[in-house]
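# Coordinates in review
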Amino acid sequence: MRWTLPNILTVLRLAAAPAVPLMFLYWARPYADIAALVLFLTAAVTDWFDGYLARAWKQETKIGTMLDPIADKAMVVIALMVIAAYSSYSPWLVLPATVILFREVFVSGLREFLGDVAGTLKVTKLAKWKTTLQMVAIAVLFSQGIFEHYFGMWSYGMDQQMVVDILERRESDEMGLTWIYSGMFWSGYIGLVLLWVAAALTLITGFDYFRKALPHLKEEG
């Protein structure tokens, strides 16, 4: 393996994937949410950066080409598992996450079966947009966990009616609950919308790969 800078960035991104759930295992919230968000954003930036450098410096390698999509899939799949677990398995989140996971497994199996002709399933621009949208959605959903924690912490000791009165501006908002609640609501809403759009693109690109692979799946004779 050639240890070029693009390849090092790809390997670091691959290693960062299992670090996300470890943060929630060993750190208390919201520190785990913050660390996971920073780590995920850093990994997302290096995803673009290592590809750009590999092309600009003419350092594209077979190992880098192989590891890059694996690192992307590992980051997305593991992050979705963590978010789903801490969302108490909300069906609005679990369903698009399931679509994304199914597509990744299906396409990976398809590539493995095709073997030498797997090159016919080249990554399309739409697939790259799909990956980008997935990463943005996951980053936004991680930020929701931060808002949720601080909303719960700052409203601790208040009864439900008092919280409602503050949010509806019948009581003074000395703790800043209104903007924390807004951040929690909008980050969750926007994150879910982006995840559903990403799931739709996932289905479209998955079907496109299957259509391209069909000629190689026909029986001979």
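Before any of the text, the structure's been laid out above.
In this convention, every chain numbers its residues from 1, walking through the sequence in written order. Totals for whole chains, interfaces and linings use every residue, but because this is a predicted model, local features are given only for residues with pLDDT of at least 70 and side-chain atom pairs only at 80 or more, for both listing and counting. Note that the side-chain values use all heavy atoms of the structure and ignore hydrogens as well as water.

### Concerning unusual backbone geometry
Among all residues except glycine, the phi angle is most often negative; among peptide bonds, the trans geometry is most common. The condition that has to hold: By the criteria applied, helices consist of DSSP H or I runs no shorter than four residues and strands consist of E runs no shorter than two, each listed in order from the N terminus. Burial status follows relative accessibility: with a 1.4 Å probe on protein chains alone, a residue under 20% of its type maximum counts as buried, one over 50% as exposed, and anything between as partly exposed.
Cis geometry is found at the peptide bond from arginine 29 to proline 30, where omega equals 10°. Locating proline 30 in the fold gives a position in the loop between α2 (19-26) and α3 (31-56). At arginine 169, a residue that is not glycine, the phi angle is positive and equals roughly 65°. Mapped onto the fold, arginine 169 is located in the loop between α7 (160-167) and α8 (177-213). Looking at arginine 169, the relative accessible area reads 66%, which means it is exposed.

### Thoughts on the layout of surface pockets
The condition is simple: Of the two site types, the cavity is a set of points on a 1 Å grid over the protein atoms alone where a 1.4 Å probe fits but cannot get out, and the pocket is an open set with protein on both sides within 12 Å along at least five of seven lines, each lined by residues with an atom within 4 Å of a point. Grid points are joined across faces, edges and corners, and a volume is the space filled by probe spheres set on the points. Lys, Arg, Asp and Glu make up the charged group, whereas Ala, Val, Leu, Ile, Met, Phe, Trp, Tyr, Cys and Pro make up the nonpolar group; the residues left over, Gly among them, are polar.
There is about 1400 Å³ of room inside the largest pocket. Where the lining of the largest pocket is concerned, the elements lending two or more residues are α1 (5-16), α3, α4 (62-86), α5 (91-114) and α6 (125-154). When the residues that make up the lining of the largest pocket are grouped by side-chain class, the tally is 19 nonpolar, 12 polar and 14 charged. Space inside the second largest pocket adds up to approximately 230 Å³. Lining of the second largest pocket is provided by 16 residues; of these, Ile83, Ser87, Leu93, Leu141 and Gln144 occupy positions nearest its centre. Those elements giving two or more residues to the lining of the second largest pocket turn out to be α4, α6 and α8. Here the lining of the second largest pocket takes five residues from α6, the largest share from any one element. In terms of residue class, the lining of the second largest pocket is built from eight nonpolar, five polar and three charged.

### Brief notes about α7
Definition in use: Here the arc refers to the directions that run from the helix axis out to each C-beta atom. Note on contacts: a residue pair qualifies if any of its non-hydrogen atoms lie within 4.5 Å across the two residues. Contacts described as polar in this section are N or O atom pairs within 3.5 Å, which, within protein, must combine one atom able to donate a hydrogen with one able to accept it, while residues neighboring in sequence count only if both atoms come from side chains.
Within α7 the residues assigned to the buried category are Val163, Asp165 and Ile166. Viewed end-on, α7 has its buried residues packed into an arc of 160°, placing them on one side of the element. Against α6 and α8 lie the buried residues of α7. For α7, the N-terminal cap is aspartate 159; the gap from its side-chain oxygen to the backbone nitrogen of glutamine 161 is 3.2 Å.

### As for the nonpolar core
A general feature of soluble globular proteins is that nonpolar side chains tend to end up buried together. How we decide: The definition of a nonpolar core used throughout is a set of buried Ala, Val, Leu, Ile, Met, Phe, Trp, Tyr and Cys residues joined through side-chain atoms within 4.5 Å.
In this structure, Phe24, Phe40, Leu80, Ile138, Phe142 and Leu195 are the most contacted members of the largest nonpolar core, which totals 31 residues. Those elements giving two or more residues to this core turn out to be α2, α3, α4, α5, α6 and α8. Ranked by residues supplied to this core, first place goes to α4 with eight residues. Counting residues in each nonpolar core, the second largest holds six residues, with Phe151, Ile166, Leu177 and Met184 among its members.

Purely geometric numbers; function is a separate question.
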